[in-house]
Amino acid sequence: MQRRLTPELITAAALRVGDAEGPKAMTMRRIAAELGCDPMALYRHFPDRTALLDSVADLALTDVTVPPGAWDERVRGILSAVREAAFRHPGIAAHVAARPPLQDNGLRLAAALTAALAEAGLSPADVVRATQALIAYVAAALAMSIAAGEPDARWRQLGEMFSALPGAPPGAELPVTGSAEQFAYGLRLLLNGIRAEAAA
């Protein structure tokens, strides 16, 4: 007997398909086949594929927790964990980058970010702006990681270009595009900027 479809059941099946077969497999037809139902049955629960992928992206962040510690440690921990969670679910990673989740887990993490930024000493308006900037950074860094991640010809060209600049270190110092090293350094710059903004 076929199980009764629910949004939760459909979302979990879609995440399984993406994990196993990648983003191109996450079609309504393939997800329906995973569930053993007609593709049109999915539309009773989600108005379109984007809405379903929004739900899948949020589910992918279920295991992201808020670490203890000072405000900057919490921000760093949350955003690093979001990046790692997206990589654990390659089928939905590009969607997370393009449309940061706004459902239960997305709201939970956004609330933790805003609380940490308020603790840093930002005004309410700047808390909103800083949250937006941090989310944009994670989305862009994640998109770069999906598109790159290994040294390639373009990375070598950039290294040569930097080496030619006056006073620049050797191009070999250039982090790999989309690497964890590049992400951590950029995040540290942002956190230092937030700290300076709060002090001002």
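Above this text sits the structure in question.
Conventions and cut-offs
All chains use their own residue numbering, which begins from 1 and follows the written sequence. Where totals are concerned, whole chains, interfaces and linings use all residues; where local detail is concerned, this predicted model gives features only for residues with pLDDT of at least 70, and gives and counts side-chain atom pairs only at 80 or more. The side-chain numbers reported here are obtained from all heavy atoms of the structure, hydrogens and water having been left aside. The aromatic pairing rule takes the rings of Phe, Tyr and Trp, using the six-membered ring of Trp, and pairs them if the centres are within 6.5 Å, calling planes under 30 degrees apart stacked, those over 60 edge-to-face and the rest tilted. Numbered from the N terminus, helices here are DSSP runs of H or I no shorter than four residues, and strands are runs of E no shorter than two. The buried label applies to any residue whose accessible area, calculated with a 1.4 Å probe on protein chains only, is under 20% of its type's maximum; exposed applies above 50%, and partly exposed to all values in between. Fitted lines through C-alpha atoms serve as axes, helices being fitted only where they are in contact, and the angles separating the N-to-C directions of these axes extend from 0 to 180 degrees. Working definition: roughly parallel below 35 degrees, roughly antiparallel above 145 degrees, roughly perpendicular at 65 to 115 degrees, and oblique for all remaining angles. Less than a right angle of anticlockwise turn of the near helix away from the far helix marks a crossing as left-handed, whereas a clockwise turn marks it as right-handed. Contacts are residue-level and defined by heavy atoms, with any inter-residue pair within 4.5 Å sufficient. As a working rule, the residues Ala, Val, Leu, Ile, Met, Phe, Trp, Tyr, Cys and Pro are called nonpolar, Asp, Glu, Lys and Arg charged, and the rest polar, with Gly in that last group. Here a cavity is any set of points on a 1 Å grid over the protein atoms alone where a 1.4 Å probe fits but cannot get out, and a pocket is any open set with protein on both sides within 12 Å along at least 5 of 7 lines; a residue lines the site when it has an atom within 4 Å of a point. Grid points are joined across faces, edges and corners, and a volume is the space filled by probe spheres set on the points.

Colleague: Sorry, what's going on with the packing of aromatic side chains here?
Modeller: Each aromatic ring pair is described using two quantities: the centre-to-centre distance and the angle formed by the ring planes. Considering all chains together, one arrives at one aromatic pair under this definition. Between tyrosine 137 and phenylalanine 183, the aromatic rings sit 5.5 Å apart at their centres with planes inclined by 20°, giving stacked as the arrangement. Here the residue tyrosine 137 occupies a position in helix α8 (residues 124-147), and phenylalanine 183 occupies one in helix α10 (residues 180-199), the gap between them amounting to 46 residues. Side by side, tyrosine 137 and phenylalanine 183 carry an identical accessibility label, which is buried.

Colleague: I'm lost on the packing of helix α5 (residues 71-88) against helix α7 (residues 104-120) in this one. Help?
Modeller: Two numbers describe a pair of packed helices, the interaxial angle and the distance between the axes. As a packed pair, α5 and α7 sit with axes 8 Å apart at the nearest point and diverge in direction by 155°. As the angle between them shows, α5 and α7 are arranged roughly antiparallel. At the point where α5 passes α7, the crossing takes the left-handed sense. Contacts between α5 and α7 involve Trp71, Arg74, Val75, Ile78, Leu79 and Val82 from the first element and Leu109, Ala112, Leu113, Ala115, Ala116, Leu117, Glu119 and Ala120 from the second. Class assignment for the residues of the contact of α5 with α7 results in twelve nonpolar, no polar and two charged.

Colleague: Any chance you could explain the layout of surface pockets here in plain terms?
Modeller: Gaps left between atoms are located by rolling a probe of water-molecule size over the structure's atoms. Estimates place the volume of the largest pocket at around 290 Å³. Residue lining of the largest pocket: 18 residues in total, with Pro100, Pro101, Gly106, Leu113 and Ile135 positioned closest to the centre. Sorting the residues of the lining of the largest pocket by element identifies α5, α6 (90-98), α7 and α8 as the ones contributing at least two each. Ranked by the residues each element gives to the lining of the largest pocket, the list is headed by α7, at five residues. When the residues that make up the lining of the largest pocket are grouped by side-chain class, the tally is 17 nonpolar, one polar and no charged. Within this model, the second largest pocket holds a volume of roughly 200 Å³. In this structure, the second largest pocket is lined by Tyr137, Pro175, Glu181, Gln182, Ala184, Tyr185, Gly186 and Arg188. The greatest single-element share of the lining of the second largest pocket, amounting to six residues, is contributed by α10. Across the lining of the second largest pocket, the residue classes break down as four nonpolar, two polar and two charged.

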